[in-house]
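Observations on the model geometry
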Amino acid sequence: MSLRDYEGWRRYAKHKRENREAYERGLKKQQMSDGKTEALQGTYFSPKKLSTVKHINQMPDQKWHRIVSFIKSGIRIVGYCFIPFNLVTASILLIVSEVVGIFEELV
C-alpha cells in the first residue's frame, strides 16, 4: 500500500475503527497481573501449568551428561593449546573430543 493509495488507507482506517474494541480487549489481556487475582482464584500455583514428564526413564542422566561434557571441554581446550606446538597432536585431540561429544549425546 503506497502513500498515494488513498482507497487503501481508507479501507485500513475503516478496518481499524471497526476492530478497535477487539484490539483494546487484546491489549487488556496482554497486561501483566500482579498475581493477586490468580492467587485468589487459585490459579497462580496451578498444577495444570506445570508440565509433567511421563517418560522419565527415557530422559538422559544429567549428572553423567555434565561430567562427560566437562571432559570433552577439557580435551578441546588442551587440543587448542597444542595447535601452536604440534599440529598432529592437536588434531588428534580435537577428533577425540568430537568422539567424546558423540558419546556425550548418548549418555
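One can find the structure itself at the top, above this paragraph.
The text that follows walks through the structure, step by step, so that each part is easy to find. Because the structure is a prediction, the values reported are computed rather than measured.

So, on to the overall build of the protein. The helix and strand inventory of the protein stands at 5 helices and 0 strands. Sequence-ordered secondary structure for the protein, helices as α and strands as β, is α-α-α-α-α. Taken across its 107 residues, the protein has 11% of its residues classed as buried. The long-range fraction of contacts in the protein, counting pairs at least 24 apart against all pairs at least 6 apart in sequence, stands at 40%. In the form shown here, the protein has an accessible surface area of approximately 10,000 Å², with 61% of it arising from carbon and sulfur atoms.

It is worth spelling out a nonpolar patch on the surface at this point. Residues W64, I67 and I71 make up a contiguous nonpolar surface patch of roughly 290 Å² in combined accessible area. Secondary-structure assignment places W64 in helix α4 (residues 62-81).

What follows is about the packing of α4 against helix α5 (residues 87-106). With their axes 8 Å apart at the nearest point, α4 and α5 run at an angle of 165° to one another. Judged by the angle between their axes, α4 and α5 are roughly antiparallel. Crossing of α4 against α5: the hand is left-handed. When α4 is examined against α5, the residues H65, V68, S69, K72, I75, R76, V78, G79 and Y80 are found in contact with a partner set consisting of A90, L93, L94, V96, S97, E98, V100, G101, F103, E104 and E105. In terms of residue class, the contact of α4 with α5 is made up of 10 nonpolar, 5 polar and 5 charged.

Right, let's talk about the pattern of salt bridges for a bit. A full pass over the atoms with the stated rule returns 2 salt bridges. Taking the shortest distance from any N to any O, the salt bridge between K72 and E104 comes out at 2.9 Å. Of this pair, K72 sits in helix α4 while E104 sits in helix α5, and the two are 32 residues apart along the sequence. With its nearest N and O atoms 2.7 Å apart, the salt bridge here joins E98 to R76. With a gap of 22 residues between them, E98 in helix α5 and R76 in helix α4 connect regions that are remote in the sequence. In this structure R76 comes out as partly exposed when scored by relative accessible area, which is 26%.

Analysis parameters
Residues numbered from 1 in each chain as written. Predicted model: local features only at pLDDT ≥ 70, side-chain atom pairs only at ≥ 80, totals over all residues. Heavy atoms only, no water. Helix = DSSP H or I, 4+ residues; strand = E, 2+ residues; numbered from the N terminus. Buried < 20%, exposed > 50% of the residue type's maximum accessible area, 1.4 Å probe, protein only. Contact = heavy atoms within 4.5 Å. Areas by Shrake-Rupley, 256 points an atom, 1.4 Å probe, with all protein chains shown as cover. Patch = residues over 30% accessible without salt bridge, like charges linked within 9 Å, V, L, I, M, F, W, Y side chains within 5 Å. Salt bridge = Lys/Arg side-chain N within 4 Å of Asp/Glu carboxyl O. Axes fitted to C-alpha atoms, helices over the stretch in contact; angles between N-to-C directions. Parallel < 35°, antiparallel > 145°, perpendicular 65-115°, else oblique. Left-handed = near helix turned anticlockwise from the far one by under 90°. Nonpolar A, V, L, I, M, F, W, Y, C, P; charged D, E, K, R; others polar.

On their own, these measurements won't tell you what the molecule is for.
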